[in-house]
Amino acid sequence: MDRKISGGRLFPDETLGLHEILIEFIENELELATFKLVDPHYVETIDDIVNRVRTIRHIARRFGIGCVDRWRAQVVGLRHEADRLLVRFEPMLKTSDYLFG
């Protein structure tokens, strides 16, 4: 997986290898936790009923029927999980605006 931005790497060359680990963590564990936390609110903003139902159906195909309502009810636990995953980045971001360089 070659991640590039404007012809350069997403992270500095000296962090080669670390960015793959970080991106995998962010795209899998962190994104899943925040997706479950945010999506119930997103679904509520879809005004068109057909689009809202399509979105819910799409989500339910992956996570099961009633998942959006379940996530809405589990918001406190989901928030704790997202915080637990995000806190790993805090020491690095206290001293820098960026994770790597």
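Scroll up a little and you will see the structure.
Sequence positions are assigned chain by chain, starting from 1 and proceeding in written order. Totals for whole chains, interfaces and linings use every residue, but because this is a predicted model, local features are given only for residues with pLDDT of at least 70 and side-chain atom pairs only at 80 or more, for both listing and counting. To get the side-chain values, all heavy atoms of the structure are used, and hydrogens and water are removed first.

Draft legend 1. Just the side chain of D39, in detail. In this text, helices come from DSSP runs of H or I with a minimum length of four residues, and strands from runs of E with a minimum of two, each type numbered from the N-terminal end. Along the chain, D39 falls in helix α1 (residues 18-44). Despite its burial, D39 pairs with no opposite charge, the nearest such side chain being R72 at 9.5 Å. Contacts were defined at the residue level, with two residues in contact if any of their heavy atoms lie within 4.5 Å. Those residues in contact with D39 that sit more than four places away from it in its chain are I59 and W71. For each residue, the accessible area found with a 1.4 Å probe, counting protein chains only, is set against the maximum for its type, and the residue is called buried under 20%, exposed over 50%, and partly exposed in between. Counted charges follow a simple rule, with Lys and Arg positive, Asp and Glu negative, and His plus the chain ends left uncounted. Salt bridges are counted wherever a side-chain nitrogen of Lys or Arg sits within 4 Å of a carboxyl oxygen of Asp or Glu.

Draft legend 2. Structural detail: the pattern of salt bridges. A complete count under the given rule lists 5 salt bridges for this structure. Of the charged contacts, one joins E44 and R72 as a salt bridge, the two residues approaching to 3.2 Å between their closest N and O atoms. With a gap of 28 residues between them, E44 in helix α1 and R72 in helix α3 (residues 67-73) connect regions that are remote in the sequence. Judged by relative accessible area, which is 48%, E44 ranks as partly exposed. According to the relative accessible area criterion, R72 is partly exposed, its value standing at 34%. Linking D83 and R79 is a salt bridge whose minimum nitrogen-to-oxygen distance equals 3.0 Å. Of this pair, D83 and R79 both sit in helix α4 (residues 75-86), 4 residues apart, which is roughly one turn of that helix. Since its relative accessible area comes to 47%, R79 is described here as partly exposed.

Draft legend 3. Structural context of the nonpolar core. In terms of nonpolar packing, the biggest core is built from 9 residues, these being F11, L22, I23, F25, L30, A33, L85, F89 and F100. The element best represented in this core is α1, accounting for 5 residues. Dropping the residues within four chain positions of it, F100 is found in contact with F11, P12, T15, L18, L22 and M92. Side-chain atoms within 4.5 Å link the members of a nonpolar core, which is a set of buried Ala, Val, Leu, Ile, Met, Phe, Trp, Tyr and Cys residues. Counting residues in hydrophobic clusters, the runner-up holds 8 residues, among them I59, C67, W71 and L78.

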